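Coordinates in review
Chain residues, written in single-letter form:
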Amino acid sequence: ETLPGGQSELTGLFIEKPESTTVTKGKNVTFVAKVDSSDLLRKPNIKWLKGKWLDLASKAGKHVQFKEAYDRNTKVLVEADAGGYRCEVTSKDKCDSCTFEVTVEGSLILSLSLILFLVPRGDAGEDAGDLDFSALLKKRLDMKDVDVWEILKNAKPCDYEKIAFDYGITDLRGLLKRLKKMKKVEPKKSDAFLKKLEECYSVDKGKRVQMHVELHDPDVHVKWLKNGVEIKPSANVSGCVWGHAYMREGFRHSLLFVLCKYLILSHSVLLCLSICLPTRHVRYVFESVGNKRTLTINKCNLSDDAAYECVVGEEKCFTEVFVKEPPVTITKLLDDVHVVVGDRVEFECEVSEEGANVKWMKDGVELTKDGRYRMKKDGKKHTLIINEAEIEDIGMYYVCTNGGESKGELEVEAKELEVLQSIADLSVKASEQAVFKCEVSDEKVVGKWFKDGVEVQASKRIKMSHIGRIHKLTIDDVKPQDEGNYTFVPEGYALNLSAKLNFIELLFNVGDQPAFSHIPLPVPPLTDPPKIHLDTSGTGNKNTIIVVAGNKLRLDVEVTGEPAPSVCWKKGDTVHTVSSLLPTPGVPPWVWAWAEGCSRHVLCGLMKCIFCQVISEAEGRVRVETRNLLSSFVIEGAERADEGRYTITVTNPAGEDRVELTVQIVDVPNPPENVKCMGVGEDTATIMWDPPNFDGGSPVRGYLMERKKKGSSRWTKLNFEVFESTTYEAKKMIEGVLYEMRVFAVNGIGMSQPSAISKPFMPIAPTSEPIRLTVEDVTDTTCALKWLPPERVGAGGIDGYIIEWCKEGEDNWVAANEEPVERNLYRVKGLPTGEKVLFRVVAVNMAGRSPPCVMNQSVNIREIMEHPKIRLPRQLRTKFIRKVGEKVNLVIPFQGKPRPVVTWFKDGEPLENKSVGIRTSDFDTILFIRTAERDHSGTYTLSVQIENMQDKADIHIQIVDKPGPPVNVMVTDVWGFNAALEWKPPKDTGNTDITGYTIQKADKKTQEWFTVYEHNRRPSCTVSDLVMGNEYTFRVFAENICGLSDEVAIKLQYNRPPFKEKDMSSSPKFTAPLVDKCVPAGYSTAISCAVRAYPKAKIVWMKNKMIIGEDPKFLMQNNQGVLTLNIRKPSQFDGGKYSCKAINALGEDEVECRLEVRGTGGGGHTVKSTLEHIFFFTNSLC
């Protein structure tokens, strides 16, 4: 829909608008407005207004009812409510409105019973009586298809009664009322406005809108109102206002304003008055040009969406301004996010305007602020935050504005729990403390402890703790019932860690007397050779132990032998520790001897565990512990340096035993190396890298890749299963966007640190082939080619071009350039003379080579004859001027093949001056003068010639210098405080024109020089402001483009000539003639002219050659030679030919004009016209 004034519709929210209608009084009417809610975030606000400001919501009730739905608004109107209505819809930053009219008519009952009973019978004769219903009914039946109202509208008012009688209308008053409403009421002509404001204006937010009105009176003052409040003008108005400007009251009554008004209204002078005020960006700018008034609103915002009025006296005109907001676009799109369970998720985007509203959605469902989702707004940046991601959060997330949308995918991966240290089996005695300890990778993981499948409950004796990643179960004062299998189960993971608690219980007590005297004791052997019982069956290779770097290694080795052997651990030649089992002090000797003799008996083994002391001779990260017939080798936090061959040696007097074993430390591999992009496509890239230089002791199983956009901090995984090759093709990328890659290596232990980030690369497709490959120039060994860039370049641009050639009939293309050239012009060199050669060009960028552009025809490599031609630079086509001492360096290019012969001439003679240097190349020649002298001036001719073909060019060089001093300086006259000087131009002008003279004066007393004139062009001047009686000296400098000449001093010696009075006598002569005029009758006027004469002339005014006497109707004035004849309220009788004659003793002169008086008198009491202002102003000037 188009609004008045050519304005486009505001926002187009309406699907269906209410339409103007005419209803009968007492009936109901319903208006429906439908709004498009597809782009609205919430239910819009709707207002129904009557007239300009009356909100019908305040009138709701039985008379006016409203029904609303999201897309439907209904108003039920009853009774006679004629007038204009408006429906407004607003929704945050959107708005729209529409108008409609309601016309209420009075009911007109055309009933047979109300037909006038005085209607005579038309065809019944005299005996028919007073009424003839049959004739009347017949007449109405014949005319039931006639539209009576059309007849009434086109009829004269005097015929209304007859038509009503003919058609049986009895309610004449109702007829007149209806006709009055049906007739088109012509708008009342405004006394103040020629053209009013448009009904409404539409403008985009941030743009400018102008509202114009035209007035009858150009001098009237106007007011502009916004929502009923006057808009005050700013102190500084921006820009230039032409003609009648908006001026303050003081300026409107100034002489300048009156003069401008007179000149404009008189049409005698076309004046454009420009009042330029200081420029400053202001909201409201008022302009007044003639009878046109303009209100300009700069940088409109939503607060400018209002109703405006222009007030002139008591009259007003109204309009509305609707401000449209531009759609909000998304400038930074969402990135895909890949996290693990429990991580924080942030989707971030940027929009085109600060403070704009956006809508966040997940899989088509709008997200709201709750404990799970949090939306943050910071200027143009909008962020959706999920504090702890879960598997249910996987999906596609959208951010929507009224100008577009962006989406990003969220992938949530289940978090794997890694066991850093498992719990170990324990064997403890009664009343001792048992501690089960394990360590997992996540500090936030909680778990439960179970004993034989039953959850362990905390008590004073049993305590459970969780500190960081370490979980502990502590049992104080161990009892037999504590023995069993203990399990730790992390919550939320299908994982459990188990260990066994063994309780050791003594079967006898030791006192002053032996407790087992009733048990027969075997006779112990005297010696037993040492033996190492090493079990490495579960480690893979025999005697090889594999340990993950950072984990704890504890190798328990059982050692037997009698007497107790000593144990020695070695790595290479390094002795770690030596330990032995010794008797415990304070134990009776018979007990020890009995225990030694029963070393292989189970009961005696328990005795030995109790009465043996554990001795550790090495403390630290790598140590050896001896206990319970065990020698334990411990490495805390295994490192790569701990890898190697170890030897354990046990000795006693009965012999020696030795075992060698290998400790292998395995770790995650080192990061891959040299990650780089080997090629790109339109949305793909081929990535290659080198395997890690150390695989961690375990073979590399594959690699994981991640990518991100350059400048972003969010990495996106490209594969979830390990990729075995070292070359990977990344897909689904955006062409023209810079990406970066990194790679992780994975082995049996875990994943390495990320590799170094690759150099940024951009997925692009190769360009199309270059076009229009043509030959620019050919010589005997070279060929110059030129071409145009490809039609399709793509986001990667062009790095350069490769030019290739081959002989005709062959397919061996030779590259003419090793590095790509950026220009679209290249000269191929080293071509075979006399051969026919083909050429082709390919464009190169990151994606590779484009298809070639091949020349259709071969090129014959031979010299081409070309006419010689001089390309004279523009500055040398006119006279070339330089000062003495300056350098002259002229570079003049030429063309021609083969190389032309270059010759220089000066003034028609060969140039042989040694101070002028000449250098010539294949394509230009240089004329060089190190220090220019005046002798170098002249006409230089350049000639280039090839055989009998020749071209010439003339160069005019002018070397200029300072001029000489002026000559014959003299004082020609002295009068009052002035002196007249004259001189002649200098003999030496410096080889150029004299541009002016500088005159200085000096008082004889002070001898200080003061400049009187600068750049005086004439060889004479008048020096003023001299002191009478003083003696002065003057000096004059000549000046040209090089500067001032040498000075010359002249002493003032002047003989005053006798004074001769000048004769001022002259005959009368009119300097300004009379002008023909046409004036209205009854308005005073004046005619004027100007005369010059000496002695003073006598003035005679005549009308139609008759002298005007002392008639009071005429007033004659003479003001300094300006003659005025005032005619008071002329009538048509006063028209005719008026003349003015000036007479003195030396002669006379006469001028005349014609005065025409139009119309009749009697306008003395009316408002003065514009012409009276003009005549009055002329009078005042005269």
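Definitions and limits used
- Residues numbered from 1 in each chain as written.
- Predicted model: local features only at pLDDT ≥ 70, side-chain atom pairs only at ≥ 80, totals over all residues.
- Heavy atoms only, no water.
- Helix = DSSP H or I, 4+ residues; strand = E, 2+ residues; numbered from the N terminus.
- Buried < 20%, exposed > 50% of the residue type's maximum accessible area, 1.4 Å probe, protein only.
- Contact = heavy atoms within 4.5 Å.
- Areas by Shrake-Rupley, 256 points an atom, 1.4 Å probe, with all protein chains shown as cover.
- Pairing = 2+ DSSP bridges.
- Phe/Tyr/Trp six-rings, centres within 6.5 Å; stacked < 30°, edge-to-face > 60°.
- Lys NZ or Arg CZ within 6 Å of the ring centre and 35° of its normal.
- Salt bridge = Lys/Arg side-chain N within 4 Å of Asp/Glu carboxyl O.
- Core = buried A, V, L, I, M, F, W, Y, C linked by side-chain atoms within 4.5 Å.
- pLDDT = per-residue confidence, 0-100.
- Polar contact = N/O pair within 3.5 Å; in protein donor to acceptor, adjacent residues only side chain to side chain.

**Section: the overall build of the chain**
In terms of regular secondary structure, the chain is built from 9 helices and 88 strands. Within the chain, the proportion of its 1182 residues that are buried is 37%. Sequence separation of at least 24 residues holds for 62% of the intrachain contacts in the chain that already meet a minimum separation of 6. Total accessible area on the chain stands at roughly 69000 Å², and carbon and sulfur atoms take up 50% of it.

**With respect to the sheet that holds strand 50 (residues 700-709)**
Ordered by their spatial adjacency, 3 strands build an open sheet running 51-50-53, and the pairing between neighbours is antiparallel. The open sheet has two edge strands, strand 51 (716-717) and strand 53 (739-747), and neither has a second partner. Of the strand pairs in this sheet, strand 50 and strand 53 are connected by 9 bridges, and their pairing is antiparallel. What sits directly across from Met705, in strand 53, is Val743.

**Re the packing of aromatic side chains**
Applying the stated rule across the entire model yields 15 aromatic pairs. The interplanar angle of 10° and the centroid separation of 5.7 Å between the aromatic rings of Tyr85 and Phe100 together place this pair among those described as stacked. Of this pair, Tyr85 sits in strand 8 (residues 83-91) while Phe100 sits in strand 9 (residues 94-105); the two residues are 15 residues apart in sequence, bridging distant segments of the chain. Put simply, the rings of Phe31, Trp48, Tyr85 and Phe100 touch in pairs and so form one group of aromatic residues. The lysine or arginine in question, Lys708, covers the ring of Trp715, its NZ or CZ lying 5.3 Å from the ring centre. We note Lys1103 situated over the ring of Phe1133; from NZ or CZ to the ring centre the distance is 4.5 Å.

**Focus: the sheet that holds strand 5 (residues 54-55)**
The mixed open sheet is built from 5 strands, whose spatial order is 2-9-8-4-5. Each edge of the open sheet is held by one strand with a lone partner, namely strand 2 (21-24) and strand 5.

**Topic: the pattern of salt bridges**
Taken as a whole and assessed by the stated rule, the structure comprises 42 salt bridges. The salt bridge involving Glu413 is made with Lys717; its shortest N-O contact spans 3.3 Å. With a gap of 304 residues between them, Glu413 in strand 29 (residues 404-413) and Lys717 in strand 51 connect regions that are remote in the sequence. Put simply, Asp642 and Arg621 hold a salt bridge, and the shortest N to O gap is 2.7 Å. Linking Asp642 in the loop between strand 45 (630-635) and strand 46 (644-652) with Arg621 in the loop between helix 8 (602-611) and strand 44 (622-627), this pair joins segments that are 21 residues apart in sequence. Judged by its relative accessible area of 31%, Arg621 falls in the partly exposed class. Beyond isolated ion pairs, a larger network of salt bridges with shared partners links Lys552, Arg554, Asp556, Arg623, Glu625 and Glu636.

**Quick word on unusual backbone geometry**
In this structure, the amide linkage connecting Lys897 to the following residue, Pro898, adopts the cis form with an omega of -10°. For Pro898, the location among the structural elements is in the loop between strand 65 (888-897) and strand 66 (901-906). For the bond running from Tyr1094 to Pro1095, omega is 0°, close enough to zero to count as cis. Inspection of the secondary structure puts Pro1095 in the loop between strand 82 (1085-1094) and strand 83 (1098-1103). Look at His1015: it is not a glycine, yet its phi comes out positive at around 55°. In this model, Gln1120 sits at a positive phi of 55°, which is unusual for a non-glycine residue. Gln1120 sits in the exposed class, given a relative accessible area of 79%.

**Digging into the nonpolar core**
In this structure, Met211, Trp224 and Leu295 are the most contacted members of the largest nonpolar core, which totals 24 residues. Listing elements by their share of this core, those giving two or more residues are strand 11 (200-204), strand 12 (209-215), strand 17 (284-289), strand 18 (292-297), strand 19 (306-312) and strand 20 (315-324). Apart from the residues within four sequence positions on either side, Met211 is in contact with Leu197, Tyr201, Trp224, Arg293, Thr294, Leu295, Ile297, Tyr308, Thr319 and Val321. Membership of the second largest hydrophobic core comes to 22 residues, among which are Val345, Phe347, Cys349 and Leu410.

**Concerning the confidence of the model for the chain**
Residues of the chain with pLDDT of at least 70 account for 78%, and the chain-wide mean is 78. Mean pLDDT across the elements of the chain ranges from a minimum in strand 16 (residues 274-276), with 35, to a maximum in strand 87 (residues 1136-1144), with 94. Considering only residues more than four positions removed or in separate chains, one finds that residues 70-80, a stretch of pLDDT under 50, has 54 contacts. Confidence drops under pLDDT 50 across residues 1161-1182; counting only partners more than four residues distant or on other chains, this segment forms 27 contacts.

**Points about the side chain of Asn719**
The residue Asn719 is located in the loop between strand 51 and strand 52 (727-730) in this model. For Asn719, a relative accessible area of 9% translates into the label buried. Side-chain polar atoms of Asn719 contact the backbone nitrogen of Met705, separated by 2.9 Å. In terms of polar contacts, Asn719 uses its side chain to reach the backbone carbonyl oxygen of Glu721, at 2.8 Å. Asn719 has contacts with Tyr703, Leu704 and Met705, leaving out every residue within four places of it along the chain.

**Points about the environment of Cys300**
In this structure, Cys300 sits in the loop between strand 18 and strand 19. Judged by its relative accessible area of 2%, Cys300 is buried. For the pair formed by Cys300 and Lys324, sequence separation is 24 residues and the distance between their alpha carbons is 9.3 Å. Not counting residues within four places of it along the chain, the set of residues in contact with Cys300 comprises Val203, Asp204, Lys205, Gly206, Lys207, Val209 and Val323.

**A closer look at the environment of Val814**
With respect to the helices and strands, the residue Val814 is situated in strand 57 (residues 814-815). The exposure class assigned to Val814 is partly exposed, which follows from its relative accessible area of 34%. Along the chain, Val814 and Phe839 lie 25 residues apart, while their C-alpha atoms are 9.5 Å from each other.

**Notes on the environment of Glu432**
One can find Glu432 in the loop between strand 31 (426-429) and strand 32 (434-440). A relative accessible area of 27% places Glu432 in the partly exposed class. It is 8.7 Å that separates the C-alpha atoms of Glu432 and Lys479, two residues lying 47 residues apart in sequence.

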